[in-house]
Amino acid sequence: AIVPENGASTEYYDTWARIYLDQKRWEEAVGVINKVIDADAYNVVAWLMMSDAQFQMAQYYEALQSAEYAIAISPGEPEPYLSKGNSLYALNRLDEARSSFERYVELCPDDPAGELLLATTLLYQYKLEEAYEHVKIVLEHLDDFPPTQVREALRTCAIIAAKSGDETLAMK
């Protein structure tokens with residue numbers, strides 16, 4: 001492999017990290033992301049990429065820690081709260097996951113994905129009334145989802161509506 005000149009190393013390794021992530025070569029991505037972090041420990045994007053790679057390898061504690069580093073560096077950035085929430089959800093720490101998703105929704109009120117994650121978390125906490133309120137928001141903004149995620153959003157909304165007793169909405 002070609003070793004970059006000084007100054008270009010962060011961009012070089014960042015590019016390789018993105019390629020490895022895109023190819024789902026998680027372990028290789030982690031190795032390269034570590035080089036980015038070594039060069040710039042305050043790189044929020046690198047910490048988010050690290051969290052994503054670790055999450056994909058089911059290293060949820062590590063993914064959580066990486067997301068928390070990103071939050072510590074830039075607490076007003078929304079994406080780390082998604083990473084943190086997903087890691088906490090995977091670890092079945094639902095109260096904390098809920099808090100992370102709520103913070104994301106607060107920072108990105110127009111993103112229905114946060115509402116869907118929050119509704120799902122509330123469903124598994126058996127807080128159906130609260131989950132149902134978020135389902136209504138998701139359904140109002142269904143067109144904002146990428147086409148590949150609409151089916152999953154509808155499935156989740158139907159489950160929550162049915163469990164909440166709104167069979168009409170569930171069937172719709």
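The model shown is predicted, which means the values in this text are computed figures rather than measured ones. (Residues numbered from 1 in each chain as written. Predicted model: local features only at pLDDT ≥ 70, side-chain atom pairs only at ≥ 80, totals over all residues. Heavy atoms only, no water.)

Helix and strand counts for the protein chain stand at 10 helices and 0 strands. Across the protein chain, helices and strands are ordered from the amino to the carboxyl terminus as α-α-α-α-α-α-α-α-α-α. For the protein chain, the C-alpha atoms occupy an extent of roughly 65 × 30 × 25 Å along the three principal directions. Restricting to contacts in the protein chain with at least 6 residues of sequence separation, those with at least 24 account for 47%. Surface summary for the protein chain: the accessible area is close to 10100 Å², and the carbon and sulfur share equals 51%. (Helix = DSSP H or I, 4+ residues; strand = E, 2+ residues; numbered from the N terminus. Contact = heavy atoms within 4.5 Å. Areas by Shrake-Rupley, 256 points an atom, 1.4 Å probe, with all protein chains shown as cover.)

Next up on the list: the packing of helix α6 (residues 94–107) against helix α7 (residues 112–124). A pair of packed helices can be characterised by two numbers: the angle between their axes and the separation between those axes. Direction vectors running N to C along α6 and α7 enclose 160°, while the axes themselves pass 9 Å from each other. Between α6 and α7, the interaxial angle falls into the category roughly antiparallel. Once α6 is placed against α7, the crossing between them reads as left-handed. Within the contact between the two elements, α6 uses Leu-94, Ala-97, Arg-98, Phe-101, Glu-102, Tyr-104 and Val-105 and α7 uses Gly-114, Glu-115, Leu-117, Leu-118, Thr-121, Leu-122 and Tyr-124. (Axes fitted to C-alpha atoms, helices over the stretch in contact; angles between N-to-C directions. Parallel < 35°, antiparallel > 145°, perpendicular 65-115°, else oblique. Left-handed = near helix turned anticlockwise from the far one by under 90°.)

Quick look at the environment of Ala-90 now. Among the secondary structure elements, Ala-90 is positioned in helix α5 (residues 79–90). Residue Ala-90 is classed as partly exposed on the basis of its relative accessible area of 33%. (Buried < 20%, exposed > 50% of the residue type's maximum accessible area, 1.4 Å probe, protein only.)

What follows concerns the side chain of Thr-156. Along the chain, Thr-156 falls in helix α9 (residues 147–163). Thr-156 sits in the buried class, given a relative accessible area of 9%. In contact with Thr-156, other than residues within four places in its own chain, are Leu-116 and Thr-120.

Residues Val-135, Val-138, Phe-145, Ala-153 and Ile-160 are the most contacted members of the largest nonpolar core, which totals 28 residues. Looking at this core, the elements with two or more residues in it are α4 (60–73), α5, α6, α7, α8 (128–140), α9 and α10 (167–171). The greatest single-element share of this core, amounting to 5 residues, is contributed by α7. Residues within four places of Ile-160 in sequence aside, it is in contact with Ala-119, Thr-120, Leu-123, Ala-131, Tyr-132 and Val-135. If you look at the next biggest cluster of nonpolar residues, it comprises 19 residues, including Trp-26, Ile-37, Val-44 and Met-50. (Core = buried A, V, L, I, M, F, W, Y, C linked by side-chain atoms within 4.5 Å.)

Below, the discussion takes up unusual backbone geometry. Despite not being glycine, Lys-24 has its phi angle at roughly 60°, a positive value. A relative accessible area of 58% means that Lys-24 is categorised as exposed. Phi at Tyr-126 is positive, roughly 60°, even though this residue is not glycine. Positionally, Tyr-126 belongs in the loop between α7 and α8. Overall, the relative accessible area of 74% leaves Tyr-126 in the exposed class.

A few words now on the packing of aromatic side chains. According to the stated counting rule, one finds 5 aromatic pairs in the structure shown. Taking the centre distance of 5.5 Å and the plane angle of 35° together, the rings of Trp-16 and Tyr-20 count as tilted. With Trp-16 and Tyr-20 both in helix α1 (residues 9–22) and 4 residues apart, this pair spans about one turn of that helix. Taking relative accessible area as the criterion, Trp-16 reaches 34% and is therefore assigned partly exposed. A ring pair is formed by Trp-47 and Tyr-69, whose centres lie 4.5 Å apart and whose planes are at 45°; its orientation type is tilted. Taken as a pair, Trp-47 in helix α3 (residues 44–56) and Tyr-69 in helix α4 lie far apart in primary sequence, 22 residues in all. Judged by its relative accessible area of 14%, Trp-47 is buried. (Phe/Tyr/Trp six-rings, centres within 6.5 Å; stacked < 30°, edge-to-face > 60°.)

As for its position among the elements, Arg-98 is in helix α6. Given the relative accessible area of 16%, Arg-98 is considered buried. Filtering out sequence-adjacent residues up to four positions away, Arg-98 remains in contact with Leu-118, Thr-121, Leu-122, Gln-125, Lys-127 and Glu-130.

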